[in-house]
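Residue strings, one per chain:
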Amino acid sequence: MDSTLSLPPSSPPVYLPEGEHRRIKILVAGPLGIGKTTVVKSLSQIPTLHTDEVMTNAAVATDDLSHDVLRDKTTTTVAIDFGRLTLPGDKIVLYLYGTPGQRRFLPLWEGIAFGALGALILVDTRRLKDSWEVMELIEERGLPYAVAVNVFPDSPKYDLALIRSKLDLAPETPLVTCDAREKNSGLHALAQLTAHSISVAGVKTS
Ligand SMILES: Nc1nc2c(ncn2[C@@H]2O[C@H](COP(=O)(O)OP(=O)(O)OP(=O)(O)O)[C@@H](O)[C@H]2O)c(=O)[nH]1
Ligand SMILES: [Mg+2]
């Protein structure tokens, strides 16, 4: 698959393309506040579904907001984000399911992950360890995944080889950097993930 894909700036294809296409479910996963909802929102070609709610003091005892980067967080996903994207070429339609980032919503994972072909796992170089638990969950399910380093303004810039070794990624696991708010950079990550997932699952796309 071409990993230098870009979408035309004009009206996105809201309706599914004519002809045959393969529909693929992809999870967008990662720890609290890493940019999952932002990725689904910026990549989807249809109006997205979100389940974000205001964070209240009631969650103080259960949610770990100790990291500085989460200090200003006011809302959080309590179930799923949902969006849809047709990859250039019109052969592959991705259904994007953003997962909740909080441990107390782990029981929802089974349902959200059901039928997924792969996962895009977001990491932040300011807190790589925070993504380990999600990586384990995905690996336990035997799902192929790609890792996207979501670059925030004050995230340290590390060489991708160093991040790969810190996360102990397999050589074939795609690793890219992205800005979750920017459509084409997320698309690059998804294109790599889709190619990887399809090759692992042996899915025919033509
Ligand atoms: N600068 C910058 N800010 C980002 C980026 N991605 C997300 N943000 C901001 O980070 C905050 C959290 O993003 P969300 O998309 O809500 O994160 P989330 O992973 O869905 O959070 P939970 O659902 O609570 O786990 C929002 O204020 C976003 O605008 C990015 O790539 N760069
Ligand atoms: Mg969210």
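This report concerns the structure included in the present document. (Residues numbered from 1 in each chain as written. Chains lettered and ligands numbered in written order. Predicted model: local features only at pLDDT ≥ 70, side-chain atom pairs only at ≥ 80, totals over all residues. Heavy atoms only, no water.)

## Quick look at the coordination of the magnesium ion (ligand 2)
When a metal carries six donors in an octahedron, the ideal angles between them are 90 or 180 degrees, while four donors in a tetrahedron ideally lie at 109.5 degrees.
Okay, so step 1: In this structure, Thr37 (OG1) and Thr77 (OG1) serve as the protein donors to the magnesium ion (ligand 2), at separations of 2.0 Å. With Thr37 in helix α1 (residues 36-43) and Thr77 in strand β3 (residues 75-77), the pair connects residues that are 40 residues apart, well separated along the chain. Residue Thr37 shares its accessibility class with Thr77, and that shared class is buried. (Donors = N, O, S within 2.8 Å, 3.2 Å for Na, K, Ca; no water. Helix = DSSP H or I, 4+ residues; strand = E, 2+ residues; numbered from the N terminus. Buried < 20%, exposed > 50% of the residue type's maximum accessible area, 1.4 Å probe, protein only.)

## Points about the layout of surface pockets
Okay, so step 1: Roughly 490 Å³ of internal volume is contained in the largest pocket.
Okay, so step 2: Counting residues per element, the ones that place at least two in the lining of the largest pocket are α1 and β3.
Okay, so step 3: The residue makeup of the lining of the largest pocket, split by class, is eight nonpolar, nine polar and nine charged.
Okay, so step 4: The space that makes up the second largest pocket amounts to roughly 410 Å³.
Okay, so step 5: In this structure, the second largest pocket is lined by 21 residues; those nearest its centre are Pro31, Leu32, Gly101, Arg103 and Glu133.
Okay, so step 6: In terms of residues, the lining of the second largest pocket owes the most to one element, helix α3 (residues 132-140), which gives three residues.
Okay, so step 7: Partitioned by chemical class, the residues of the lining of the second largest pocket number eight nonpolar, six polar and seven charged. (1 Å grid on protein atoms, 1.4 Å probe; cavity = no way out; pocket = protein on both sides within 12 Å on 5 of 7 lines; lining within 4 Å. Points joined across faces, edges and corners; volume = space filled by probe spheres on them. Nonpolar A, V, L, I, M, F, W, Y, C, P; charged D, E, K, R; others polar.)

## Points about the packing of aromatic side chains
The description of an aromatic ring pair rests on the distance of the ring centres and on the angle between the ring planes.
Okay, so step 1: As enumerated under the stated definition, the model contains two aromatic pairs in all.
Okay, so step 2: Ring geometry for Phe82 and Tyr95: centres 6.1 Å apart, planes at 20 degrees, overall stacked. Of the two residues, Phe82 sits in strand β4 (residues 81-86) while Tyr95 sits in strand β5 (residues 92-98), which places them 13 residues apart along the sequence.
Okay, so step 3: Judged by its relative accessible area of 17%, Tyr95 falls in the buried class.
Okay, so step 4: Residues Phe82 and Tyr97 carry aromatic rings whose centres are separated by 5.1 Å and whose planes lie at 70 degrees to one another, so their mutual orientation is edge-to-face. Of this pair, Phe82 sits in strand β4 while Tyr97 is found in strand β5, placing the two residues 15 residues apart along the sequence.
Okay, so step 5: Each member of the aromatic cluster is reached from another via a ring pair, and the members are Phe82, Tyr95 and Tyr97.
Okay, so step 6: Stacked on the ring of Tyr97, the Lys or Arg Lys25 has its end atom at 4.4 Å from the ring centre. (Phe/Tyr/Trp six-rings, centres within 6.5 Å; stacked < 30°, edge-to-face > 60°. Lys NZ or Arg CZ within 6 Å of the ring centre and 35° of its normal.)

## Some words on the sheet that holds strand β8 (residues 175-178)
Okay, so step 1: The six strands are arranged β4-β5-β1-β6-β7-β8 in an open sheet whose pairing can be described as mixed. Edge positions in the sheet fall to β4 and β8, since each of these pairs with one other strand and no more. For this sheet the average axis-to-axis angle between neighbouring strands, irrespective of direction, equals 25 degrees.
Okay, so step 2: Of the pairings in the sheet, the one linking strand β6 (residues 118-123) to strand β7 (residues 145-150) comprises five bridges and is parallel in character. Among the inter-strand pairings, Ile121 is bridged to a residue of β7, identified as Val147.
Okay, so step 3: Seen against the sheet, α3 touches β1 (22-29), β6 and β7 and runs at an angle of roughly 170 degrees to β6.
Okay, so step 4: Along the sheet, helix α5 (residues 183-201) makes contact with β1, β4, β5, β6, β7 and β8, crossing β6 at roughly 140 degrees. (Pairing = 2+ DSSP bridges. Axes fitted to C-alpha atoms, helices over the stretch in contact; angles between N-to-C directions. Contact = heavy atoms within 4.5 Å.)

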